[in-house]
Every structure is written in C-alpha cells, then in structure tokens.
Amino acid sequence: MKKSVLTRYRIMAYVTGVLLVLLCLGMIAKYVFDVDGAADATRVIAIAHGWLYVIYLVFAFDLGSKAKWPVGKQLWVLIAGTIPTAAFFVERKISAELEPKVADDGTNLAKA
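Let me sum up the structure you'll find in this document.

Thresholds, definitions, all that
- Residues numbered from 1 in each chain as written.
- Predicted model: local features only at pLDDT ≥ 70, side-chain atom pairs only at ≥ 80, totals over all residues.
- Heavy atoms only, no water.
- Axes fitted to C-alpha atoms, helices over the stretch in contact; angles between N-to-C directions.
- Helix = DSSP H or I, 4+ residues; strand = E, 2+ residues; numbered from the N terminus.
- Parallel < 35°, antiparallel > 145°, perpendicular 65-115°, else oblique.
- Left-handed = near helix turned anticlockwise from the far one by under 90°.
- Nonpolar A, V, L, I, M, F, W, Y, C, P; charged D, E, K, R; others polar.
- Expected span 1.5 Å × (residues − 1).
- Contact = heavy atoms within 4.5 Å.
- Salt bridge = Lys/Arg side-chain N within 4 Å of Asp/Glu carboxyl O.
- Buried < 20%, exposed > 50% of the residue type's maximum accessible area, 1.4 Å probe, protein only.

## Section: the packing of helix 1 (residues 3-31) against helix 2 (residues 38-67)
At a minimum axis distance of 8 Å, the contact between helix 1 and helix 2 shows a crossing angle of 155°. With respect to each other, helix 1 and helix 2 are oriented roughly antiparallel. For the element pair helix 1 and helix 2, the recorded crossing hand is left-handed. Of the residues that constitute the contact of helix 1 with helix 2, the class distribution is 24 nonpolar, four polar and four charged.

Here it is as structure tokens:
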C-alpha cells in the first residue's frame, strides 16, 4: 500500500470533519440563535459536506480494502464522517496504526 492512499484519506477526514463541525455550528446559529444569514451559510456548507463526504467514503473504503480491515472496522471509519469530531479521532487512530506499516516504495501492506 502506498503512502498516498493514507495521505488522501487523512486529508478528506480532516476536510469532512471541519465541514461537519461548521455545519453543526451553522445549525445552532440558525435554529437556536436565529442569526441572519445562517440559513444560506448552512445550505452551502451542507452541500459541500455532502459531496466531499462521498469522496471521503471512496478514499476510506479504498484504504480499508488495501489494509484488509474487517467489516466492522471499515464501517466505523466510514460512519466517522457523519459524527461531529469523530473523523478527527478515528483519523489519528488509523494513521498511528498504519503509518509504521506504510512504505514509500508502494510495497503491499501484507508484506510489511
């Protein structure tokens, strides 16, 4: 498995996590504090998060298949992009687990 597979997952985990936190803050501003303009900002953030979450799913699934994760672990990583701040914690755990095993030369994870 190449390091680029882990890197693109990490980037999308952070992007998805940040957008989800912004979306939650926007929803609080819209519904709790009735802030003017929050509805428009929330709509834009929701659309961006939705499309980028699909890319996150593709990258996370690719990483999980190459790392040969069990189904439960794969599902947890995929769902992490829908729980505010979970993507950050899951990304750290996955990165800590896989970084020592990932080789820059593209060797297979099973051989490491």
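## Overview of helix 4 (residues 86-98)
Its 13 residues place the ends of helix 4 18 Å apart at the C-alpha level, agreeing with the 18 Å of an ideal helix rising 1.5 Å per residue. Those residues of helix 4 that are buried lie in contact with helix 1, helix 2 and helix 3 (71-79).

## Some points on the pattern of salt bridges
Summed over all chains, the structure comprises seven salt bridges. Linking Lys66 and Asp62 is a salt bridge whose minimum nitrogen-to-oxygen distance equals 3.2 Å. Within this pair, Lys66 and its partner Asp62 are both found in helix 2, separated by four residues, close to a single helical turn. Assessed through its relative accessible area of 37%, Lys66 is described here as partly exposed. A salt bridge links Arg92 to Glu91; the shortest N-O distance between them is 3.8 Å.

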